[in-house]
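Notes for the structure review
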Amino acid sequence: MKRRDFLRGRATPQAAPEMGIQLYTVRDQMESDVTRTLEALGSMGYDFVELAGLHGLDARQMRRRLEDVGLRAESSHHDIYDIRDGWERVIEDALELGQSHVVIPWLPGDERDAVSLERVADDFNRGGEAAAAAGLRFGYHNHEWELMPLPDGRRPIDLLLSRTDPRYVDWQMDVYWVAHGYEDARAPFWHIERHGDRITTLHVKDRTGEAEMVDVGDGVIDFARLLGLARTESAVTHSFVEHDEPADSLSTARRSLEHLRSILVPEVPR
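Residues numbered from 1 in each chain as written. Predicted model: local features only at pLDDT ≥ 70, side-chain atom pairs only at ≥ 80, totals over all residues. Heavy atoms only, no water.

Overview of the overall build of the protein
- A tally of helices and strands in the protein yields 12 helices and 10 strands.
- The C-alpha radius of gyration computed for the protein amounts to 18 Å, which stays within 12% of the reference 18 Å derived for 270 residues, consistent with globular compactness.
- Pairs at least 24 residues apart make up 78% of the contacts formed inside the protein by residues separated by at least 6 positions.
- Summed over all atoms, the accessible surface of the protein reaches about 12,400 Å², with 46% contributed by carbon and sulfur.
- Averaged over its 33 positive side-chain charges, the protein has a centre that lies 4 Å from the centre of its 50 negative ones. (Helix = DSSP H or I, 4+ residues; strand = E, 2+ residues; numbered from the N terminus. Rg over C-alpha atoms; globule rule 2.2 N^0.38 Å. Contact = heavy atoms within 4.5 Å. Areas by Shrake-Rupley, 256 points an atom, 1.4 Å probe, with all protein chains shown as cover. Lys, Arg positive; Asp, Glu negative; His and termini not counted. Charge placed at Lys NZ, Arg CZ, Asp CG, Glu CD.)

See below:
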C-alpha cells in the first residue's frame, strides 16, 4: 500500500484519474504552516501539486515535505522575467523537485499588445527549448484577456500559439478564464477540440452563469464531460484544482476534489 493510500484510509485496485491542486488556492494556509497544509491535502486524496513559490524552503526541502505526505510536485509557476534572467535555476529546482512541467502564468499589462506578444513568444520558444533539453515541458497559463480580440482582430492566445514552436511551448488552459473570456461555459470544449494537441495541463476551476468563481461542482461547467474529452482528445497529462479567492481554502480544496471523484470514471488498468 502506497503512503498516500494509507493516508486516504484505503487502497483501490482501480483508481480514479489522478488529480492535483495549484497551491495558490491554499496560499493562506501555506504561508502559515507548510507541513500541516500539505498533510491536509494528502489526507484529502490529492496525488500531486503545482507550486506557487517555495515558501522559504529550497527545492530539496520542499520535495521532502511533499514525499512525507504522499504528494509530488508535477509543475510550478514562474515569472516571465525568470526566462530572461535566471531560467537555469528554475530548471534546476524543477528537476530537484521531480517535476514534469514549468509554467508562466501571467504577463504584465505593458506586454499584452501584438508587438510585445511576438517578443514574448520568442521568449517562450527560448525558455521552452531549454526546458525540453532538461526533459521538462514548458507551458503558458491563460486568463481572460488572452481570449479577447486585439485591435487587429486576432486573439492573443491564437497569436501566442501560432508564433511558438509546438515542440517546446504548451498551453495550460484555465477552464474558468476561458469560459469567462467568452462568457460561455462551452468555450473550453471548443479549445480542446481545436487546440487539444497543445493543451497539456488544465486548471480545473468552476464558474456560475453569473460569472462568479466557485468551488468545482458549484458552477455550470460540465467537468465530467470536459475531463473525459480532455482525456481522449487532447495531450492533457495533469489537471489542477484551483480557486483564486476561496472563502475557506481547505474547504474549497476538499469539496472540489470530492465532486471530481464523484463524477470521474475510474481509469482502466493498462
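Moving on from the coordinates now.
Brief notes about the pairing of strand 3 (residues 72-76)
- The buried fraction of strand 3 amounts to four of the five residues, a majority that puts the element mostly inside the structure.
- As defined by bridge partners, strand 2 (residues 48-51) adjoins strand 3 across four bridges and the pair is classed as parallel. Note that in strand 3 the partner of Leu-51 across the bridge is Ser-76.
- With helix 4 (residues 59-68) bridging strand 2 and the parallel strand 3, this β-α-β connection has right-handed handedness. (Buried < 20%, exposed > 50% of the residue type's maximum accessible area, 1.4 Å probe, protein only. Pairing = 2+ DSSP bridges. Right-handed = clockwise from strand over helix to strand, strands pointing away.)

Re the packing of aromatic side chains
- Applying the stated criterion across every chain yields a total of six aromatic pairs.
- The interplanar angle of 35 degrees and the centroid separation of 5.3 Å between the aromatic rings of Phe-124 and Tyr-140 together place this pair among those described as tilted. You can see Phe-124 sitting in helix 7 (residues 114-133) and its partner Tyr-140 sitting in strand 5 (residues 137-141), a full 16 residues away along the chain.
- What makes Phe-124 buried here is its relative accessible area of 1%.
- Judged by relative accessible area, Tyr-140 falls into the buried class, the value being 3%.
- In textbook terms, an aromatic cluster arises when at least three aromatic residues are bridged by ring pairs, as seen for Trp-87, Phe-124, Phe-138 and Tyr-140.
- Against the face of Phe-189 rests Arg-225, its NZ or CZ located 4.0 Å from the ring centre. (Phe/Tyr/Trp six-rings, centres within 6.5 Å; stacked < 30°, edge-to-face > 60°. Lys NZ or Arg CZ within 6 Å of the ring centre and 35° of its normal.)

So, the environment of Phe-138
- Tracing the sequence through the fold places Phe-138 in strand 5.
- Residue Phe-138 is classed as buried on the basis of its relative accessible area of 0%.
- Spatially, the C-alpha atoms of Phe-138 and Val-169 are 5.4 Å apart, while their sequence positions differ by 31 residues.
- Sequence-distant contacts of Phe-138, defined by excluding residues within four places in its chain, comprise Ile-83, Trp-87, Val-102, Ile-104, Phe-124, Gly-128, Ala-131, Tyr-168, Val-169 and Asp-170.

Here's the deal with the side chain of His-195
- With respect to the element layout, His-195 can be found in helix 10 (residues 187-195).
- We classify His-195 as buried; its relative accessible area is 11%.
- When residues no more than four places from it in sequence are discounted, the contact partners of His-195 are Asp-158, Leu-161 and Trp-171.

Topic: the confidence of the model for the protein
- Per-residue confidence for the protein averages 94 on the pLDDT scale, and 93% of its residues sit at or above 70.
- For the stretch residues 1-13, pLDDT sits under 50, and the model shows 23 contacts to residues farther than four places along the chain or on other chains. (pLDDT = per-residue confidence, 0-100.)

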